Amino acid sequence: MDDKELQLVDHLEELRKRIIITVLAFLVLFVAAFIYVDDIYKWFVRGLDMKLMVLGPSDIIRIYFMLAGVVAVAGTIPVLALQIWMFVKPGLRPLERRVTLSYVPSLFFLFIIGLCFGYFVIFPMVFKFLIGIGGDMFVTNFTADRYFSFIMNMTLPFGVLFELPVVVMFLTSLGIINPFVLSKIRKYAYFILIIIAVVITPPDFMSDFVVTLPLLLLYEISINLSKFVYRKKLKKQQDEELVEV
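Keep in mind that what you see is a predicted model, and the values were worked out from it rather than measured.

A.B. asks: What is the right way to read the overall build of the protein from this model?
C.D. replies: Broken down by element type, the protein carries ten helices and zero strands. Listing each helix as α and each strand as β along the protein from the N terminus yields α-α-α-α-α-α-α-α-α-α. With the principal axes as the frame, the protein shows a C-alpha extent of 80 × 40 × 30 Å. When the 245 residues of the protein are sorted by exposure, 35% land in the buried category. In the protein, 84% of the contacts between residues at least 6 apart in sequence involve partners at least 24 apart. As displayed, the protein offers around 15300 Å² of accessible surface, 71% of which is attributable to carbon and sulfur atoms. Taken as two groups, the 23 positive and 21 negative side-chain charges of the protein have centres that lie 5 Å from each other.

A.B. asks: Can you walk me through the packing of aromatic side chains in this structure?
C.D. replies: The geometry of an aromatic ring pair comes down to the distance between the two centres and the angle between the two planes. Evaluated as defined, the whole model comprises 26 aromatic pairs. A centroid spacing of 5.5 Å and a plane angle of 25° characterise the contact between Trp 43 and Tyr 119, whose relative ring orientation is stacked. In this pair, Trp 43 sits in helix α2 (residues 37–44) while Tyr 119 sits in helix α5 (residues 103–134), placing the two residues 76 residues apart along the sequence. Geometrically, the ring pair formed by Tyr 119 and Phe 120 is edge-to-face, given 5.0 Å between the ring centres and 85° between the ring planes.

A.B. asks: Explain a nonpolar patch on the surface to me, please; I cannot follow it from the model alone.
C.D. replies: A grouping of Leu 12, Leu 15, Ile 19, Ile 20, Val 23, Leu 24 and Leu 27 is seen on the molecular surface, where their side chains present a nonpolar patch of about 600 Å² in accessible area. Among the secondary structure elements, Leu 15 is positioned in helix α1 (residues 3–35).

A.B. asks: Just to check I follow, could you spell out the environment of Phe 150 for this structure?
C.D. replies: Residue placement: Phe 150 occurs in helix α6 (residues 144–161). Considered as a pair, Phe 150 and Phe 191 are 41 residues apart in the sequence and their alpha carbons are 24 Å apart. Not counting residues within four places of it along the chain, the set of residues in contact with Phe 150 comprises Phe 123, Val 126, Phe 127 and Leu 130.

A.B. asks: Looking at this model, I keep getting lost on the pattern of salt bridges. Mind explaining?
C.D. replies: Any two side chains of opposite charge can pair if their charged atoms end up close together. Counted by the stated rule, this structure contains six salt bridges. Note that Asp 38 and Lys 42 form a salt bridge whose closest N and O atoms lie 3.3 Å from each other. Of the two residues, Asp 38 and Lys 42 both sit in helix α2, four residues apart, roughly one turn of that helix. Relative accessible area serves as the criterion here: at 36%, Asp 38 is assigned to the partly exposed category.

A.B. asks: Can you walk me through helix α3 (residues 57–88) in this structure?
C.D. replies: For the α-helix, the turn length of 3.6 residues means that residues three or four positions removed from each other point alike. Here α3 is 32 residues long and its end C-alpha atoms lie 45 Å apart, about the 46 Å a rise of 1.5 Å per residue gives. In the structure, α3 departs most strongly from a straight axis at Thr 76, where the bend amounts to approximately 35° and where the proline Pro 78 lies between one and four residues downstream.

A.B. asks: How should I be thinking about the nonpolar core in this particular structure?
C.D. replies: As a rule of thumb, soluble globular proteins bury nonpolar side chains together. Of all hydrophobic cores here, the largest spans 42 residues; its most connected members are Leu 52, Leu 67, Tyr 147, Phe 148, Phe 158 and Leu 215. When residues of this core are traced back to their parent elements, those giving at least two are α1, α2, α3, α5, α6, α9 (186–200) and α10 (205–244). For this core, the leading source of residues is α6, giving eight residues. Apart from the residues lying within four places of it in its own chain, the contact partners of Leu 67 are Val 37, Ile 40, Tyr 41, Phe 44, Phe 148 and Met 152.

A.B. asks: Would you mind showing me how to read the environment of Met 169 here?
C.D. replies: If you trace the backbone, Met 169 turns up in helix α7 (residues 164–173). Separated by 61 residues in the primary sequence, Met 169 and Tyr 230 place their C-alpha atoms 8.6 Å from one another. Among all residues touching Met 169, those that are not within four sequence positions of it are Tyr 103, Leu 225 and Val 229.

The rules behind these values
Residues numbered from 1 in each chain as written. Predicted model: local features only at pLDDT ≥ 70, side-chain atom pairs only at ≥ 80, totals over all residues. Heavy atoms only, no water. Helix = DSSP H or I, 4+ residues; strand = E, 2+ residues; numbered from the N terminus. Buried < 20%, exposed > 50% of the residue type's maximum accessible area, 1.4 Å probe, protein only. Contact = heavy atoms within 4.5 Å. Areas by Shrake-Rupley, 256 points an atom, 1.4 Å probe, with all protein chains shown as cover. Lys, Arg positive; Asp, Glu negative; His and termini not counted. Charge placed at Lys NZ, Arg CZ, Asp CG, Glu CD. Phe/Tyr/Trp six-rings, centres within 6.5 Å; stacked < 30°, edge-to-face > 60°. Patch = residues over 30% accessible without salt bridge, like charges linked within 9 Å, V, L, I, M, F, W, Y side chains within 5 Å. Salt bridge = Lys/Arg side-chain N within 4 Å of Asp/Glu carboxyl O. Expected span 1.5 Å × (residues − 1). Bend = angle between axes of the 7 residues up to and from the residue. Core = buried A, V, L, I, M, F, W, Y, C linked by side-chain atoms within 4.5 Å.

If you want it as C-alpha cells, here you go:
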C-alpha cells in the first residue's frame, strides 16, 4: 500500500470507531429511556381529557419504542457532534479545535429549544385548530400511534431546524461555506423555509406567520454568525501570514 491508501484506511477505521461509539451511546440511552417510558408517556398525555386507544397489542410496544427512541435521539445529539469533531480534529488548527468544540453543547441545547418550540407553541396551535374544525360533528377519539406520530411530526423538524445557526458556524469555521454564499441563496432558502412552514401548519395566515417568522429569523442569524466566524478566520490567517513573513 502507498501512503494515500494507508491514510484512507486510517480514516475509514477512525470513522468506523466514531460510528460505533455513537451507536452505543444511542443504545444505552434507548435502554435507559425504555425503563422510564411509562413516566415519559404520562408526561406527554397529562393534558388530555381522554385515554388514548390502541388497535392491537403491537401498538403498545410501537409507542414505547417511539418514545424511547425520541429521547435517545435527543440525548445522542451531543455525542454525535463530539464524534464528528473528533473525526475532523486532526485536520484543524489548535484555535479551530477550541472554537469548533464549543459548538458541541450548543447543538444539544438548540435541538432541545427547537423541540420545546414545536411542542409548546406549534403543537397546541395545530391541535386546537384541527379539533375545532370537527366541532360537534365527530367523536374525537385518538389512537396512541396516531397521536404520538402527530406530536413527532410537529416537534422533530423544529429540533433539526433550530440547529441551523450552529451548523452554519461549524461549516464556516471549516471553510466549507461562507456568508457570501448564504446571502446569495437567501431567496431560495426563504422559499424552502416558507414551504416547510406552510406544510406543517394549519391553512390559516396567522399559523403560517407564527412558524415562518422564527425560521426566517434563524436563517438571518445564521448568516450573521457566519460573517462573524468568517471575519475571525480571515483575521487569524492574516496574523499567521504576518508572523511567517
